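# Summary of structural features
Each chain, written out:
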Amino acid sequence: MPHDLRTCAVLASPCDPLGDPLLSRVYLAPPRPARTAFQRDRERVVQSRAFRRLAGKTQVFTSRASDHFRSRLTHTIEVAQIARDVAARLGLNEDLAETLAMVHDIGHPPFGHAGERALDDCLQRHHLRFDHNLHALRICEHFEQRYAAHRGLNLTLGVREGIIKHSRSYISGEHPNLVPYFLDQRPPLEAQIIDLADEIAYLTADLDDGVESGLLEIGHIRNHVAILSESYADVATQHPGVDEKYLFNGALQLMQNTLTDDLIATTLANVLAIGATTLDDIRMHPVRLALFSPSVEAARLEEKRYLHRALYSCPELTIEHDKAEEVVKALFDFWIDFPEELPQGYVDEIPAEGLARVVADYIAGMTDAFILQQYAVIKRAVRR
Ligand code: MG
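These figures come from a predicted structure and were not determined experimentally.

### Focus: the coordination of the magnesium ion
Bound to the magnesium ion on the protein side are His75 (NE2), His104 (NE2), Asp105 (OD) and Asp198 (OD), at distances that span 2.2 to 2.5 Å. Going along the chain, you hit the donors of the magnesium ion in the pattern H-x28-H-D-x92-D. One end of the pair, His104, is in the loop between helix 4 (94–103) and helix 5 (112–124); the other, Asp198, is in helix 8 (residues 189–213), and 94 residues separate them in sequence. Classification of His104 by relative accessible area gives buried; the value is 3%.

What follows is the structure in structure tokens.
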């Protein structure tokens, strides 16, 4: 990297906690000389209840079908190791990148994207929206309650900015409460790489889990996904006569390496091309600099379209998505009609937040198993 573009580079070692606004917290935290600010944030995230619940949330396949599918938690760990690798090789702040990866999916509701769509549909009827990045911020600032001195995890400004801005931008006119997060500036590179590390992780994992589920066939993937097909041919040349399953595993690994190496090389080239030498240069550039090269971006889009066509919208998963929607919408409507049936902590939030937002908050926090349990209880209660 030219010069030092690490976010809070000077404070990568523990020293003056007031030196950089990105290291500031809403509530003063007692000093921990052995830990950097972002290491402490990583601990706070990993020890949160919302993080533990990721183990019970769907990534693509529900864990009921197989113990080998990714959950949101194992997906998160895969994103973290890619993000840390990319950050290290670009000379960025690895602790910030890892913490942002650990927290990046914490705002996802149960049942993966089907659950998110259903919750958003429910909220739109009340002129609100569901956004998992903003929900993640609400969890970290408000819902986690484990400290005597304050509500929330009291994360640094740098991590809170990355939570909301790693995958999209917000306009201050539409989100006045987000103004402290430098909405007119690009996020630091540590946040920019998270969205692409997420892409690399799921593009690899969803092919793997798709084959494990029996919904995708290796030969079919090879015929339709060029980047996988090329990786497979390379591995097959090196290991003639080896079973298809192991060649496929090797091809997935090689594809992940290709995507990761391309992200690193392209991002570095972009940084050099604009002559960026400081974090401000990254922030003030009109577009994000963490990108894939045009050829790998085209390969990424081809695979993404394939996954949508062949996997995410296949009849077997559509049945699961329909069931997820039915459960989310039935529970949402039930608690809108009977708010007194919500847990007391949520009832107490209604005057400040409004009923629809509170119901969505409650549902969004649930694991797949817990929401199905609630659905069964409420169906029994309604029948009586
Ligand atoms: Mg993710």
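### Section: the pattern of salt bridges
Under the criterion given, the structure shown has 28 salt bridges. Here Arg70 makes a salt bridge to Asp209, at a shortest N to O gap of 2.8 Å. Here the residue Arg70 occupies a position in the loop between helix 2 (49–53) and helix 3 (72–90), and Asp209 occupies one in helix 8, the gap between them amounting to 139 residues. Close ionic contact of Arg72 with Asp105 constitutes a salt bridge, the shortest N to O distance being 2.8 Å. Of this pair, Arg72 sits in helix 3 while Asp105 sits in the loop between helix 4 and helix 5, and the two are 33 residues apart along the sequence. Of the two residues, Arg72 and Asp105, neither departs from the other in class, the shared state being buried. Among the ionic contacts, a cluster of salt bridges with common partners joins Arg42, Arg84, Glu94, Asp95 and Glu98.

### Section: a positive patch on the surface
Side chains of Lys323, Lys379, Arg380, Arg383 and Arg384 sit close together on the surface and give a patch of like positive charge. By residue number, the principal contributor to the positive patch is helix 18 (residues 368–383), which donates 3 residues. Its place among the elements puts Lys323 in helix 14 (residues 315–337).

### What about the packing of helix 1 (residues 37–46) against helix 4?
Orientation of helix 1 relative to helix 4, taken along the N-to-C sense of each, is 20°, at an axis distance of 8 Å. As the angle between them shows, helix 1 and helix 4 are arranged roughly parallel. Of the two possible hands of crossing, helix 1 and helix 4 adopt the one that is left-handed. Contacts between helix 1 and helix 4 involve Phe38, Gln39, Asp41, Arg42 and Val45 on the former and, on the latter, Asp95, Leu96, Glu98, Thr99, Met102 and Val103.

### Considerations on the side chain of Gln192
Within the secondary structure layout, Gln192 lies in helix 8. Of note is the side chain of Gln192, whose polar atom sits 3.1 Å from the backbone nitrogen of Ala290.

### Considerations on helix 1
By the criterion of burial, helix 1 is predominantly enclosed, with 8 of the 10 residues buried. Of the positions making up helix 1, those classed as buried are Ala37, Phe38, Gln39, Arg40, Asp41, Arg42, Arg44 and Val45. Elements in contact with the buried residues of helix 1: helix 2, helix 3, helix 4 and helix 7 (157–165).

### A word on the nonpolar core
Ranked by size, the top nonpolar core spans 85 residues in total, and within it Leu207 and Leu228 carry the most contacts. Ranked by residue count, the leading element in this core is helix 8, at 11 residues. Aside from chain neighbours lying at most four places away, what touches Leu207 is Leu216, Ile221, Leu228, Phe248, Leu252, Met255, Glu303, Tyr306 and Leu307.

### Examining the environment of Gly365
The topology assignment puts Gly365 in the loop between helix 17 (355–364) and helix 18. Residue Gly365 is classed as buried on the basis of its relative accessible area of 15%. For Gly365, the residues in contact, after removing those within four places along its chain, are Arg53 and Lys57.

Cut-offs applied
The numbering scheme is per chain: residues are counted from 1 as the chain's sequence reads. Side-chain atom pairs in this predicted model are given and counted only at pLDDT of 80 or more, local residue features only at pLDDT of at least 70, and totals for whole chains, interfaces and linings cover all residues. Side-chain measures were taken over the full set of non-hydrogen atoms in the model, leaving aside hydrogen atoms and water. Only nitrogen, oxygen and sulfur atoms qualify as donors, and only when within 2.8 Å of the metal (3.2 Å in the case of Na, K and Ca); with water excluded, sites may look incomplete. Only DSSP runs of H or I covering at least 4 residues are called helices, and only runs of E covering at least 2 are called strands; the numbering of each starts at the N terminus. Any residue under 20% of the maximum accessible area for its type is buried, any over 50% is exposed, and the rest in between are partly exposed; the area is computed with a 1.4 Å probe on protein chains only. For salt bridges, the criterion is a side-chain nitrogen of Lys or Arg within 4 Å of an Asp or Glu carboxyl oxygen. Nonpolar side chains (Val, Leu, Ile, Met, Phe, Trp, Tyr) are joined into patches within 5 Å and like charges within 9 Å, using only residues with over 30% relative accessible area and no salt bridge. In these tables, accessible area is a Shrake-Rupley quantity obtained with a 1.4 Å probe, and a residue counts as shielded only by the protein chains included in the view. Under the convention used here, Asp and Glu are negative, Lys and Arg are positive, and both His and the chain ends fall outside the count. For the purpose of locating charges, the reference atoms are NZ of Lys, CZ of Arg, CG of Asp and CD of Glu. An axis is simply a line fitted to the C-alpha atoms; with a helix, the fit covers only the stretch in contact. Between two such axes, the angle follows the N-to-C directions and lies from 0 to 180 degrees. Roughly parallel refers to an angle under 35 degrees, roughly antiparallel to one over 145, roughly perpendicular to one between 65 and 115, and oblique to any angle outside these ranges. Crossings are assigned a handedness: left-handed for a near helix turned anticlockwise from the far helix by less than a right angle, right-handed for a clockwise turn. Here a residue-residue contact requires only that any non-hydrogen atoms of the pair lie within 4.5 Å. Nitrogen and oxygen atoms within 3.5 Å of one another constitute a polar contact, given that in protein one can donate a hydrogen and the other can accept it, and given that sequence-neighbouring residues count only through two side-chain atoms. What we call a nonpolar core is a set of buried Ala, Val, Leu, Ile, Met, Phe, Trp, Tyr and Cys residues that are connected through their side-chain atoms within 4.5 Å.

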